[in-house]
Structures are given as structure tokens and as C-alpha cells.
Amino acid sequence: ADVKQFRFEIPVVGGEEAAVFVSNRESFEYLLRNEEKIDFHIELPRFIYAPEKEGKAVGEVIFKNGELEIFRMPLTLETDVLKREEKLSFWEKMW
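Here is a short report on the structure shown in this document. (Residues numbered from 1 in each chain as written. Predicted model: local features only at pLDDT ≥ 70, side-chain atom pairs only at ≥ 80, totals over all residues. Heavy atoms only, no water.)

**Quick word on the packing of aromatic side chains**
Per the counting criterion, the structure on display carries eight aromatic pairs. An angle of 35° between the planes, with centres 4.7 Å apart, marks the rings of Phe28 and Phe63 as tilted. With Phe28 in the loop between β2 (19–23) and β3 (39–43) and Phe63 in strand β5 (residues 57–65), this residue pair connects regions lying 35 residues apart in the sequence. Note on accessibility: Phe28 and Phe63 belong to one class, buried. Between Phe40 and Phe63 the ring centres are 6.0 Å apart and the planes differ by 45°, which places this aromatic pair in the tilted class. (Phe/Tyr/Trp six-rings, centres within 6.5 Å; stacked < 30°, edge-to-face > 60°. Helix = DSSP H or I, 4+ residues; strand = E, 2+ residues; numbered from the N terminus. Buried < 20%, exposed > 50% of the residue type's maximum accessible area, 1.4 Å probe, protein only.)

Structure representation (C-alpha cells):
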């Protein structure tokens, strides 16, 4: 698996942006023997809450050879997730 081979967009709740990208920041190599097969599955949340910092692991890719787990690769935020500043109306400010 190459760097950023696994890249996904996740919705953001309460953020300035509606979504953020997550990806793998590391690569992974595994030497296969005859007839071996590597499977993987991806674990990600359905959404994340703002604010969060770039580089935070929010999911992972799990590689397996049959039932044997070989490697867990973190999926991290590519950018900061900024919290949306709520704009108060004139009347809300006066209250």
C-alpha cells in the first residue's frame, strides 16, 4: 500500500467545512508466499465533530492473511478541522 492509497472523505459536524479527507501517511509492503492472499477492511466513523487537529488518527485499514492480522495502518486527518463560528444576529447580541 502506497502513501495516500487509502483516501476517504468524511462528513464533519459543526465545522467550517462540510467534510475532511483522511488518508494513510505510511506505506506497507508484505512479501507473499505461494497461494497467499492479503485481505483488508477499513474502519472509519460515519462522521467526526469539529474541532480536530491535522494528523489525528480517526480510522484504520486492517490487513489480514486469512484470520491472521498482519498490520494496522492508521488513517489520519489531512487538515485541521476548524469549528464553525456561530454568527449572532443583532437581536441575539442584544439579548
